[in-house]
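Remarks on the overall topology
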Amino acid sequence: MAGNDWINSYLEAILDVGPGLDDAKSSLLLRERGRFSPTRYFVEQVITGFDETDLHRSWVRAAATRSPQERNTRLENMCWRIWNLARQKKQLEGEEAQRIAKRRLERDRGRREAIADMSEDLSEGEKGDIVSDISVHGDSNRGRLPRISSVDAMETWASFQKGKKLYIVLISLHGLIRGENMELGRDSDTGGQVKYVVELARALGSMPGVYRVDLLTRQVSSPEVDWSYGEPTEMLTPTNSESFMEEMGESSGSYIIRIPFGPKDKYIQKELLWPYIAEFVDGALNHIIQMSKVLGEQIGDGHPVWPVAIHGHYADAGDAAALLSGSLNVPMLFTGHSLGRDKLEQLLKQSRMSRDEINTTYKIMRRIEAEELALDASEIVITSTRQEIEQQWRLYDGFDPILERKLRARIKRNVSCYGRFMPRMVIIPPGMEFHHIVPLDGDMDGEAEGNEDHPRSPDPPIWSEIMRFFTNPRKPMILALARPDPKKNITTLVKAFGECRPLRELANLTLIMGNRDGIDEMSSTSASVLLSILKLIDKYDLYGQVAYPKHHKQSDVPDIYRLAAKTKGVFINPAFIEPFGLTLIEAAAHGLPIVATKNGGPVDIHRVLDNGLLVDPHDQQSIADALLKLVADKQLWAKCRQNGLKNIHLFSWPEHCKTYLTKIASCKPRHPQWQRTDDGTENSDTDSPGDSLRDIQDISLNLKFSLDGDKNEEENAGDGRSKLENAVLTWSKGFVRDTRKAGLSEKSDQNTGKFPTLRRRKHLFVIAVDCDTNTDTLETAGKILEAFEKERTEGSVGFIFSTSMSISEVHSFLVLGGLSPSDFDAFICNSGSDLYYSSLNLADSPFVLDLYYHSHIEYRWGGEGLRKSLVRSVASINEKNSENERIIVENEQVLTEYCYAFKIQKPEMVPPVKELRKLMRIHALRCHVIYCQNGTKLNVIPIMASRSQGLRYLYVRWGVDLSNVVVFVGESGDTDYEGLLGGVHKTVILKGVCANNQLHANRNYPLSDVVPSEGPNIIQVTENCSSSDIRSSLENAGVLKG
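What you see as residue numbers is a count from 1 along each chain, following the sequence as written. Whole-chain, interface and lining totals are the exception, using all residues; otherwise, since this is a predicted model, local features are given only for residues with pLDDT of at least 70 and side-chain atom pairs are given and counted only at 80 or more. Hydrogens and water molecules were not included; the side-chain quantities draw on all heavy atoms of the structure.

Another point: the overall build of the protein. Helix numbering and strand numbering both begin at the N terminus, where a helix is a DSSP run of H or I of at least 4 residues and a strand a DSSP run of E of at least 2. From N to C terminus, the protein includes 35 helices and 26 strands. Note on exposure labels: buried denotes an accessible area under 20% of the residue type's maximum, exposed denotes more than 50%, and partly exposed covers the range between, all computed with a 1.4 Å probe on protein chains only. Per-residue burial over the protein gives 58% buried out of 1042 residues. Long-range pairs, those at least 24 residues apart, make up 73% of the contacts in the protein with a sequence separation of at least 6. Total accessible area computed for the protein in this model is approximately 44,400 Å², and 50% of it derives from carbon and sulfur atoms. Any two residues whose heavy atoms approach within 4.5 Å at even a single point are treated as in contact. Here the open area of atoms and residues is found with the Shrake-Rupley method and a 1.4 Å probe, where only the protein chains shown may cover a residue.

Structure below.
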């Protein structure tokens, strides 16, 4: 609260009241007077109030009260509020200090254990590049190749790229995105990120070697926004791509693809989009698959052209990109833009909101978990500055700069990392288009701008809109361009300008603060900032010296920069923390010197451009001195202008894209491992199960090599693997013999089994009920099978069993219930780490393992190194038990290559799943940990595997329409339960089933932040339902005909 002038003023007012406040007779807290109730006021305003802004408003009301007694009472109550605020703030600060200390200890211990697990530490000469050695474009300063800065060099690089035809997918979900006339500043979701992703997509589409770029976002068909945001597809006009026009094809270029998800006909803020991420993933998956087929016909010789990378922007898109990357087995990139942990720390420091209040308002824990998942899945994390790595990303469980350097050095030396992985942090500043910018050399008199041969062009309309505010519009203009947000620190700028008379005499101040109609229509935060600025203008009598226009178009922004440069002005960004500072680059490109905050990205920009001064945003005098120095010293102004123009090409979009594509090229290519032709017929030799036969015959190769290219350190697990291989070959032996026989005849597809039967189903019903006992599961499964016996007999409906059990446990389960494997088309086992199909030859082998699925999910699977770490963690948990009983033990009977299983003897004594995830991430082990069977079992599976991802795999490989899938679940389930609920499929929740499951009691965020509680795809069935009730629920939902 320090630094607020109004606090000092009301304290002075309290002192002016004198002894009246101490006089017992004047205390009105115990009685009412007239219409004013001090007691009610105290309860309603003091006890429930915890907002400093609200406190300020209370002071304003108190100061305006005419009655001295009532004013005294209000001031007395405000004293209590100040005391309460101070106490709460101290308590929050103490809790946060303890939390930070605990986190530091956990990270240090995790790092020590991770290093101890690896056989040797690094010598001084093997430490690799530290973070500070990374250049502004992500390369090491030592031995770095010369930067491409000339036309000849760029053409050389372009000729090298020409043979490639890449398909790139970008994702940015929130805000309003379109290619032209972007409404930047319309709301907090439509800001710099929107401009960044659109310009990145446009620039990449113009680069040699890139055939198509898709920017996926949300389709918004709402009367409150422009109709253009409801268009499914929008082509971005290329910029400066004349030299590459001969490479353009039928579907080439850059496009905005709008995927419908979330509430229809409603534009909602990003915090409310979280429950609909899975729905977006399914829609995006459909688009990418269809586009891959189209591109395959155009440039892929009939084979699908998969994306070379999927790039998520911000946490919500990072969550979606991780799921899409796993579904398609393609590399993922991630850009955070703004990070949740950093925002959480900033909000906690302000002490205005508790952690729970912050989480409720901003869904901050859901956002942080999405960012952690993005770290798990990303090959490259693109940042704008070193500050983002050193001060923001290091706050996350999944990234440790010190451990990352050690792992990177071991990889360079071709030494095993024992199953540990860390994403590469690459610094690539945002780019900008400069070809259309011509810096002005004239001044306000305009002598250098026109002559008889080339008459002067008319001034842009925005110039007159700004200059109408000024008494003397020819003075140098100090320009600030930011939305009215407290963290942008515009009020400090106005104070600095108002209190420095020499600066006021030499310059004008222009504040471009987004677009507004009426202050009352703005958000409360923005309105509060704007009102504070207007009051400061009045306080310092700055009329005629400050401009604050209400409206401007995005196309007006270059003209605003030009006007400031024309007046020999200065651009300032005084934000408390600026993640990057794209406006600083734009200003430099127009020939404007800069004054910028010393916190964040501007430090890197200033290091490259050297075109201005850095200031402490909290130091009002420092801001005024820097502005005055640049405005008054014309030689310094000219030098800064020249430096900026000379070096600005280093931030061009071609330079950005060159570095970007180079980093993508360094990723090991990944894509679906089968080749197939989905032409509607089933006569292709390249389709499964022919591929499955080859998988089974080459199983040893599939199990011994990793797509990451790292050595598989599992020599000690040879016996276990031999058993696994023999078991799989035994299961599959009958199927191999059966399909070879079938291939010799011309029977129907159903008889030959060329394709799994699930491809022919009109609907697929997935039984994913996680009951505590097999008996309960059998009872529920029996009801579901009985409800649709007619369709099952006809063949229009197929069934999939999705479970945490292993395939051997599934077989025993089916025998126990008198069911046949042929009752199901597929089995998603071990919480999604194994996929089996029912075999035609039930006598020899009832199941067939899909090994392509294993190649699909094994990215970043830690293998034996992960298992050793898990065994060590289990031993640590057991040692903490004072009763010397083993709480958790490894279950070797059901352990498989891609699922490490553990029995839990005492579920109440094991840490919650969120703590296990945290532990794995601190150790750089990328996996899913899942409590199953009401906490009596723990499955650890690859980060790319899950039961929901198993369903998406069936869509990618076999074309199963997810909108025709129905998933049956209970009221609760295993800790991966939430993943089964969202998406385009229908979800049937069976009330009363798994109702007593306690696995989800200790969550970081509510289930409503993951999936919608209601919607057209959620079907609720009453408790103790019968088979007819289940059938009726689907008939009422329109899934089946009555």
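So, about the packing of helix H8 (residues 314–328) against helix H11 (residues 364–377). Packing of H8 against H11 leaves a shortest axis separation of 8 Å and a crossing angle of 45°. Viewed along their axes, H8 and H11 adopt a mutual orientation that is oblique. Judged by the twist between their axes, the crossing of H8 over H11 is left-handed. On H11, the residues that touch Tyr314, Ala315, Gly318, Asp319 and Ala322 of H8 are Arg366, Arg367, Ala370, Glu371, Leu373, Ala374 and Ala377. Here, axes are lines fitted to C-alpha atoms. For helices the fit covers the stretch in contact, and angles between N-to-C directions go from 0 to 180 degrees. With respect to orientation, any angle under 35 degrees is reported as roughly parallel, any angle over 145 as roughly antiparallel, any angle of 65 to 115 as roughly perpendicular, and every other angle as oblique. By convention the crossing between two helices is left-handed if the near helix lies anticlockwise of the far one by an angle smaller than a right angle, and right-handed if it lies clockwise.

Our next topic: the pairing of strand S7 (residues 380–383). Of the two faces of S7, the one holding Ile380 and Ile382 and the one holding Val381 and Thr383 are both buried throughout. Sheet analysis places S7 next to strand S8 (residues 424–427), joined by 4 bridges and oriented parallel. The residue of S8 that forms the bridge with Ile380 is Arg424. Each pair of strands is called paired provided DSSP finds at least two bridges between the two strands.

Ordered in space as S11-S10-S9-S12-S13-S14, the 6 strands form an open sheet in which the pairing is parallel. Of all the strands in the sheet, the pair left with one neighbour each is strand S11 (546–547) and strand S14 (612–615). Where strand S12 (residues 570–573) meets strand S13 (residues 594–597), 3 bridges bridge the pair, whose relative direction is parallel. Bridging across to S13, Ile572 finds its partner in Val595. Strands in contact with helix H20 (residues 602–609) are S13 and S14; relative to S14, the strand with the most contacts, it is inclined by about 155°.

On to helix H35 (residues 1027–1036). Those residues of H35 not exposed but buried are Ser1027, Ile1030, Arg1031, Ser1033 and Leu1034. Relative to the axis of H35, the buried residues are bounded by an arc of 155° and lie together on one face. Among the structural elements, strand S15 (763–767), helix H28 (774–787), helix H29 (789–794), strand S24 (965–970), strand S25 (986–990) and strand S26 (1018–1021) are those in contact with the buried residues of H35. Of the residues flanking the end of H35, it is Gly1038, one or two places downstream, whose phi is positive at about 85°. It is the directions from the helix axis to the C-beta atoms that the arc portrays.

Right, let's get into the packing of helix H15 (residues 490–499) against helix H21 (residues 620–632). In contact at an axis separation of 9 Å, H15 and H21 are set at 65° when each is read in the N-to-C sense. Of the two possible hands of crossing, H15 and H21 adopt the one that is right-handed. Contacts between H15 and H21 involve Thr492, Leu493, Lys495, Ala496 and Glu499 on the former and, on the latter, Gln620, Ile623, Ala624 and Leu627. Of the residues contributing to the contact of H15 with H21, the split by class is 5 nonpolar, 2 polar and 2 charged. Each residue is assigned to one of three groups, with Ala, Val, Leu, Ile, Met, Phe, Trp, Tyr, Cys and Pro labelled nonpolar, Asp, Glu, Lys and Arg labelled charged, and all others, Gly among them, labelled polar.

What follows covers the pattern of salt bridges. When a carboxyl oxygen of Asp or Glu lies within 4 Å of a side-chain nitrogen of Lys or Arg, that pair is called a salt bridge. According to the stated counting rule, one finds 41 salt bridges in the structure shown. Notably, a salt bridge pairs Glu864 with Arg867, separated by 2.8 Å at the nearest N-O pair. Here Arg867 and Glu864 lie together in helix H32 (residues 863–879), a separation of 3 residues that amounts to about one turn. Classification of Glu864 as buried rests on a relative accessible area of 5%. Each of Arg178, Glu183, Arg186, Asp187 and Asp226 takes part in one network of salt bridges that share partners.

Attention now goes to the packing of aromatic side chains. The description of an aromatic ring pair rests on the distance of the ring centres and on the angle between the ring planes. Classification of ring pairs rests on two measures: the distance between centres of Phe, Tyr or Trp rings, Trp counted by its six-membered ring, which must be within 6.5 Å, and the angle between planes, read as stacked under 30 degrees, edge-to-face over 60 and tilted in between. Taken as a whole, this structure holds 19 aromatic pairs when the rule is applied. On the numbers, 5.1 Å between centres and 50° between planes, the contact of Phe469 with Tyr548 is tilted. Of this pair, Phe469 sits in the loop between helix H14 (461–467) and strand S9 (477–481) while Tyr548 sits in the loop between S11 and helix H18 (557–566); the two residues are 79 residues apart in sequence, bridging distant segments of the chain. For the ring pair Tyr561 and Phe571, a centre distance of 5.9 Å and an interplane angle of 55° mean the geometry is tilted. With a gap of 10 residues between them, Tyr561 in helix H18 and Phe571 in strand S12 connect regions that are remote in the sequence. On the basis of relative accessible area, Tyr561 is assigned to the buried category, the value being 1%. Aromatic ring contacts, followed pair by pair, group Phe801, Phe813, Phe824, Phe827, Tyr836 and Phe847 into a single cluster. Looking at Arg212, its charged tip hangs above the ring of Tyr255, at a distance of 4.0 Å from the centre. Distance and angle both matter: a charge sits over a ring if NZ of Lys or CZ of Arg is within 6 Å of the ring centre and within 35 degrees of the ring normal. Across the ring face of Tyr396, the terminal group of Arg341 is positioned such that the distance to the ring centre comes to 5.4 Å.

Right, let's get into the sheet that holds strand S5 (residues 309–313). With mixed pairing, the 8 strands of this open sheet are ordered in space as S3-S4-S2-S1-S5-S6-S7-S8. Edge positions in the sheet fall to strand S3 (233–236) and S8, since each of these pairs with one other strand and no more. Between one strand and the next, the sheet's axes are offset by a mean angle of 25°, whatever the strand orientation. Packing of helix H6 (residues 192–205) onto the sheet brings it into contact with strand S1 (166–171), strand S2 (210–218), S3, strand S4 (253–259) and S5, and relative to S2 it is tilted by some 160°. Relative to S2, helix H7 (residues 277–299) is tilted by about 160°, and along the sheet it contacts S1, S2, S4 and S5.

The buried fraction of helix H19 (residues 582–589) amounts to 8 of the 8 residues, a majority that puts the element mostly inside the structure. Gly591, located one to two residues past H19, shows a positive phi value of around 85°.

In this structure, Val797 sits in strand S16 (residues 797–802). Along the sequence, Val797 and His763 sit 34 residues apart, while their C-alpha atoms lie 4.9 Å from each other. Setting aside chain neighbours within four positions, we find Val797 in contact with Arg761, His763, Phe765, Glu791 and Arg792.

Glancing now at the state of the cysteines. Only a pair of cysteine sulfur atoms within 2.5 Å qualifies as a disulfide here. The final tally for this structure, using the stated rule, is 0 disulfides. Between Cys829, a free cysteine, and Cys899, which holds the nearest cysteine sulfur, the sulfur-to-sulfur gap is 10.0 Å.

This part is about the nonpolar core. By convention a nonpolar core is built from buried Ala, Val, Leu, Ile, Met, Phe, Trp, Tyr and Cys residues, the set being connected through side-chain atoms within 4.5 Å. Core analysis: the largest hydrophobic core is formed by 108 residues, its most contacted members being Ile171, Phe280, Ile310, Leu324, Leu328, Trp393 and Leu954. Not counting residues up to four positions away in its chain, the partners in contact with Phe280 are Ile171, Leu173, Leu216, Thr217, Ile259, Phe261, Ala320 and Leu324. The next biggest cluster of nonpolar side chains, apart from the first, holds 74 residues, and it includes Ala564, Leu582, Ile594 and Val595.

Glancing now at the confidence of the model for the protein. Per-residue pLDDT for the protein averages 81, and the proportion of residues at 70 or more is 78%. The predictor rates its confidence in each residue with pLDDT, a number between 0 and 100. Within the protein, S5 carries the highest mean pLDDT (98), whereas helix H25 (residues 699–704) carries the lowest (33). Low pLDDT (under 50) marks residues 13–52, which in the prediction has 65 contacts with non-local residues, meaning those over four places away or in another chain. In the model, residues 676–753 has pLDDT below 50 throughout and makes 123 contacts with residues more than four positions away in sequence or in other chains.

Quick look at the environment of Glu885 now. Here Glu885 shows up in the loop between H32 and strand S20 (888–890). When the C-alpha atoms of Glu885 and Gln905 are compared, they prove to be 8.9 Å apart, with 20 residues separating the residues in sequence. For the purposes of these results, a polar contact is taken to be a pair of N or O atoms within 3.5 Å, where, inside protein, one atom must be able to donate a hydrogen and its partner to accept one; residues adjacent in sequence count only when each atom of the pair is a side-chain atom. There is a polar contact of 3.2 Å between the side chain of Glu885 and the side chain of Lys906.

The next point concerns the side chain of Arg504. For Arg504, the position within the fold is in helix H16 (residues 501–506). Counted as positive: Lys and Arg. Counted as negative: Asp and Glu, with His and the chain ends omitted from the count. Despite being buried, Arg504 has no salt bridge partner; Asp541 is the closest side chain of opposite charge, sitting 5.9 Å away. Once residues lying within four places of it in the same chain are set aside, the contact partners of Arg504 are Lys475, Phe497, Gly498, Tyr540, Asp541, Leu542 and Gln545.

Time to look at unusual backbone geometry. Phi is positive for Asn329, close to 55°, though the residue is something other than glycine. Along the chain, Asn329 falls in the loop between H8 and strand S6 (332–335). On the basis of relative accessible area, Asn329 is assigned to the buried category, the value being 1%.

In this section: the side chain of Thr385. Tracing the chain through its elements places Thr385 in the loop between S7 and helix H12 (386–392). Here Thr385 falls in the buried class, since its relative accessible area comes to 0%. Within the structure, Thr385 has its side chain in polar contact with the backbone nitrogen of Glu388 (distance 3.2 Å). Every residue in contact with Thr385, bar those within four places of it in the chain, is listed here: Ile427, Pro579, Phe580, Gly601 and Asp604.

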